[in-house]
Each structure stands twice: as structure tokens, then as C-alpha cells.
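# Analysis of the macromolecular model
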Amino acid sequence: MPFFEAVRLALATIRVQKLKSFFTALGVCIGVMFLIAVVSIVDGMGRYMEQDLVGKLIALNSFEVRRRPNINIGDVDPGLWREYSRRPRLLESDVQPVVDALPDGTLWSMYSDGQVQVESPFSRPRTAQVTAVDGQYFEIKRLGVTEGRLFTAGELSQGSNSVIIGPDLKQRLFPTVDPIGRNVKIGGRLYSVIGVGESLGSAFGMSFDNYIYAPFRAPVRRMLNSEPHAIDAIVVQVPAPEMMTDAQERVRAVMRARHKLRPAQADNFTLETADTALAFWSKIRGYLVLAGVALPAFGLVVGAIVIMNIMLVAVAERTYEIGIRKALGAKRRDILIQFLIESSTLSTLGAMLGIGAGAAVAVMVRSLTPMPTFVAPWSIVVGVAIGAGVGVISGVYPASRASLLDPIAALRQE
Amino acid sequence: MTNELEEQSLSTTAERRVVVSAAGSAPDKDWVIVTRGLTREYDMGGEIVRALRGVDLAVRRNEYVAIMGPSGSGKSTLMNIVGCLDTPNAGEYWLNGQLVSEMKDDKLARVRNKEIGFVFQTFNLLPRASALHNVELPLVYAGVSSAERKERAFEALKAVQLGERVHHRPNELSGGQRQRVAIARALVNRPSILLADEPTGNLDSTTSEEIMRVFEHLASTGQTVIMVTHEPDIAAHARRVVVLRDGVIASDDRREKFAAKMGF
């Protein structure tokens, strides 16, 4: 019997017993649904981590020289923490040697940041993310202003008492008035607002727009670092990705020399890139995908057993039909194929339902949470393939029993 | 009712004796069925039941033969072997020049598909399929294309006056109509023999007569028909009646002689 014919026959048989077929394929349906949902959520979380979270914290083709990693996704064991805290701080005096070592066309900046209370005459005091910056910070971050202006080179180098505030902070500190030209008070000193910056967006429901930028040499820096000449990070941005390694190696050499490290000693500073920040995420992502595949696999095994049982019942119920078909010239292969295709059609239909349900779960997660879940096309292909595969595997035994029935005995059974 | 064609094709005892005695050699093309010393034994829980004990049967093309016998005479076993559903333990069975008794499952399936058209007592139609689809089935397994299948099945149903009911399911048809669907199905692949097993067993006498008229018409147009029955009046419709008793052929007579014996 040709393949297409067998599929049509299978569909006709399934149509006659819709409810029974549905329950038979339910196991596969649920298994595939979880597979699709988990893969979509993990995938969405990955995109979120890479694009929204880390992408917003670390600019393209850039790395930061830090005392210790800024972004710690996952656990850092206590021993590592102790090692981090023994490390020397990054100093203002480290900046110039690092900048001197950089290849041409590289942008750099340095900054210190912290949570500081900010006051305004138009609201109660608010806590803001205050960052004192120098160098080409705004070019690297590609951050512009929506109102007012950025710092001038003079303001940056002299450390004038001017600030740029984020859109959230503008709402909080100046809910009703234009903030440009007005003053905010940080640590008892007045700073003049010269601009309102663009939105940096949010991650996991946490806004990045509650920021204030001030020139590095402004007095506010003393509130960000307890040691007088310490800084939090030097940011380096190379013009092309292939220059990353070279720039990192140059910076590493300078820093090792400044920290007087012997060749056998490990770095006592961190060069943080988007990749290093994501290293831990890639690890948990692997586990998540594994769990997301392994757990539905159990469901699929159960689903396969259910289909096998129902197919065995179907063979018993339809012994008479098999007898007629054999009497009319059906070969063993014809009967085998008929039942194999019936079970795999059933299972594939279940898998398709599961894909639909899984995609619905993914869409629901997307609309209810900030995670941009994404149903990968490959997961749909895998889902359908799993459906067909489960059907074939669970159909082999019943189908071979059907094909081996003796036509005379089968015809006698009615 | 007897026409010339049937009269011509009717074999004589002497002719049959000749063809049956030539063991091991393929019979002349004229002979559709030749069995030589057909033996079939069943193992029924350690006890050997000898259903056939050496049946020599020869049927020439276009003959209309009834096989009769009481239950336990071996007529069902003979019908299963002649229909290629079963194989003998010993003896030869030549069907249309092929030595079927040596064949295995899949080859037998092909022979059933090409050479045999079955008509059963219980009709044996697929209950959920339309009359048309039921008639199409042998063509499906013969590998005929869908369009040609539909056309041939439709023609076959028209030939048994069911052209109007092709889309009806078996449960929407009367017993006689169902048996006519079964006949259409049996004939759709143009088999060498039409093999009917108690074709009127589940029908009332009026409908039985109707089915017998269909058989007579087929026989008169050159179709070889073999009918297994235990009813003498049904058997008397055939041109030749073979009576089995205890696994051997007890008598093999023309209809006239059989009718005389039975006192019709």
C-alpha cells in the first residue's frame, strides 16, 4: 500500500474515533508541549541575558578593567570572594598607562559608581545610581540626551558641578517642572542639571533609568569610593571585534606590570567582557536545556507506552478487518505499514497539538513576564520528528503482531 | 439456463482422471485448478485431525462447480487451500499453472490478490468503509492508481446493479445488496476463479435466488465459479457437484445426475 494511501486511511480511522485518539496521543502531546515551552523559555531567557541585561551593562566590542567582576550571574564561592577582596584597588594613576598602551582608534573611559541619595526642592530625597565618569563614556555607551546637553571636555576635565539625569529620576525629582538649569543636592553640595539622558531600558523589571552622571573629578566621587584615588573601572572599546584579544593582552601586560606580578602569579584584576559575564549563564543554560529535554522525555516514554497499548487493543479489535485485508491480497508488509503509519500519524498529530500548546505557553510567558520567549523553528521540527519517531517505535510491536495474524483465524473472529 | 459455453467447458471424468494422474507436471492451461493427493492435518492439542486425506480435484476454465459435504467433511479446509489462505501438508495444488502448494505467505497473498475472488457467507465487508472503498480494496493491494481504482470499482458495482449505492456503508445496505458488493469486490481484479463460501448462508430464500442468478450469469459469461455449500438445492445451481466425505471426494457428478440422486 502506498505511503500516502496509508496516511489517508490512518486519518480516516482517527477521525472516526476522535476522543479515543485524542486521549491516546495526549501523553505525546504533553511531552512535546513541555519540550517546546521549556526550550522557548530558555531561549528567550538567553536572548534576554545577552541582549537586554549584559548588552546594556557592557557595550559592544568593549571590556572593563576591574578589581573583580561586576556582573556575577550565579554563585561565587566564598574562597573566590576572599581572593577578590584581597586584590588591590584600581587607581586613577592606572588609567594613563593603560590608555597609552591601547591601539589607535580605541575609545576609553573610566568611572566609579554607587547608590547615593539625591535631593531636589520638588520632591523628597531619592536614591539614585550615581556614576562619576571621564573619557569617552557617552560615545562608548552610545548614550545621548533627550533634553539639554552632554558634558563639555572642559566640564569633564575640571570636574564641574554639573550632572545629567536619567528619565526615571527626572520624573521623581522634577515631576512638574523642567529640570534643565535647576539644582540637585548630592552629599550636601549643589549640582546643576545640564541634561536628561536617553532611556537605558530595564531588565527583570529593574529600571536602568534611575541614573545620574557627573564628571569624574566632581566632589561626588568621594561618596563613591572610600579610598581617595580608587576608581571602579576602566572601559576600553575597540573599533572591531577582532581587536579585542590584542587590546586585552596589552591592558593585561600593563596592569600586571603595575601590580608587580611575577609570571607564575595569576591576574589580581579582571578584564570583563560580555562573554565572561555570560559564561555562567551559558553553563546553567546547558543544564536547563538538558532538564527541559530530559523531563519531557519521560512523558514521551509514557506516551509511547500508551500508544503501544492502544494499538495492541486496536489490532485485537480489528483482527477481522486484518483477516479481510489479507484475504484480499494484503501482504505482511502492507498490514505492518498500515498500523505503523496509523500509530505514527496519531503520535505526530499529538505532537503537533503539543507544539501548538507549547507555543501558546511561550506566548503567555512572553505577555505575562518580561522574558522575550521565542519558539525556535528547530524545536518545531524536532517536535514533529519526535512525534513521528515515538509513533514508529510504539507501533512496531502491535503492527508486527497484526502482520503475522493468520488470515483464516482472523476471518473467523467477528 | 444451460448455455453452450458452459456445456463445452464442462470436463469429463476421463479427462479429469488424466490430468490428475500426471503427478509433478504442470497441467494444461485449460485447467484452472488441479490438486493431486491434497492432504491437510491439524494438530489439535496432541491429537492429529486429518481434514483432507488425498483430494484429487480438477476444474477446467469456465466450469461452475459446487463443493458439498456435511460439516467435518473437510470442505472448509479444501476451500481455504483452494483460496490460497492455507497450504497443504502434502500433495500438489496447481492454480492457473502455478504450483501454489509450495508458496510462502507473501507469494500466497499475491496469488490471492490476482487469481481469487472471495465471496463469504458473512459478506466480510469493512463496516466503516463505503461500498466503493470496499470494492477498491483488492486494487489497492494490486498497486492500481487511485483514479483507475475508483473507475473500476464503480464499474464493478454497476455490473451488480449497485451503481446508485456506491457511497453507502454496509450497514445501510440489505443482505442481498451486501453480498452483491462482495461479489463486485471479488470480481474487480478479474480473478481466475470466483470462490464462494456458503454465499447464501445468511440470506433468505428470495435473496438467495437473486444471488444464484448473479452466479449463473457470471458462469454463462465465462467466469470460473467454485461454490462451497451444504445446501443441496443451492449446490444444484452449479453445473457440476463435488461431494466430500471424511476428507476425500465421495462423488463428482454433473448437475443432472446429482439432482436425480437427491430426488429433485
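Since we're looking at a predicted model, the values are computed, not measured. Throughout this document, residue positions are counted from 1 along each chain, in the order its sequence is written. A letter from A marks each chain and a number from 1 marks each ligand, given out in the order of writing. Since the coordinates come from a predicted model, pLDDT governs what is reported: local features require at least 70, and pairs of side-chain atoms require 80 or more to be given and counted, while whole-chain, interface and lining totals use all residues.

### Quick look at the overall build of chain B
Numbering of helices and strands starts at the N terminus; helices are DSSP runs of H or I of at least 4 residues and strands are runs of E of at least 2. Of the regular secondary structure elements, chain B holds ten helices and ten strands. Taken over C-alpha atoms, the radius of gyration comes to 18 Å for chain B, in line with the 18 Å a tight globule of 264 residues would show. Dimensions of chain B along its principal axes, counting C-alpha atoms only, are 50 × 45 × 40 Å. Think of it as a crowd count around each C-beta: if 20 or more other C-beta atoms lie within 10 Å the residue is buried, if 12 or fewer it is exposed, and in between it is partly exposed, with C-beta placed from the backbone throughout. The 264 residues of chain B split such that 48% are buried. Here the globule rule is a power law, 2.2 Å times the number of residues to the power 0.38, and the radius of gyration is based on C-alpha atoms.

### Some remarks on the nonpolar core
To form a nonpolar core, buried Ala, Val, Leu, Ile, Met, Phe, Trp, Tyr and Cys residues must be joined through C-beta atoms within 7 Å. In terms of nonpolar packing, the biggest core is built from 177 residues, with I212 of chain A together with I33, I67, L157 and A184 of chain B touching the most fellow members. Both domains that meet at this core, namely domain 1 (3-52 + 285-412) and domain 2 (62-272) of chain A, each give it at least three residues. Ignoring anything within four residues of it in the chain, the contact list for A184 of chain B reads V135, A156, L157, A159, V160 and L162 of chain B. Residue ranges for the domains originate in an automatic or database domain assignment. Here, residues touch in the contact sense if the C-beta positions derived from the backbone fall within 7 Å of one another.

### Focus on the confidence of the model for chain B
The pLDDT value expresses, per residue, how confident the predictor is, ranging between 0 and 100. This prediction gives chain B a mean pLDDT of 89; 97% of its residues lie at or above 70. Listed scores for the predicted complex are pTM 0.73 and ipTM 0.90.

### Considering unusual backbone geometry
Residues and elements named next belong to chain B. The phi angle at N62 is positive, at roughly 75°, despite the residue not being glycine. You can see N62 is positioned in the loop between β2 (47-60) and β3 (64-68). For F123, which is not glycine, the phi dihedral falls at a positive 65°. Mapped onto the secondary structure, F123 falls in the loop between β6 (116-119) and α5 (131-142).

### A look at the interface of chain A and chain B
Listed as interface residues are 18 residues of chain A and, on the opposing side, 19 residues of chain B. In terms of residue class, the side of chain A that touches chain B is made up of nine nonpolar, one polar and eight charged. All residues other than Ala, Val, Leu, Ile, Met, Phe, Trp, Tyr, Cys, Pro, Asp, Glu, Lys and Arg, Gly among them, are scored as polar; the first ten of these are nonpolar and the last four charged.

### Things to note about the domain arrangement of chain A
What the domain assignment reports for chain A is domain 1 (3-52 + 285-412) and domain 2 (62-272). The C-alpha-based centres of domain 1 of chain A and domain 2 of chain A are spaced at 55 Å.

### Some details on the sheet that holds strand β5 (residues 98-99) of chain B
Residues and elements named next belong to chain B. The strand order across the open sheet formed by four strands is β2-β1-β4-β5, and the pairing between neighbours is antiparallel. In the strand order of this sheet, the two ends are held by β2 and β5, each with one partner. Two strands pair when backbone bridges link them, and strand β4 (residues 90-95) and β5 are joined in this way by two bridges, in the antiparallel orientation. Bridge pairing in β5 places W94 opposite L99. Note: two strands are recorded as paired if DSSP finds a minimum of 2 bridges between them.

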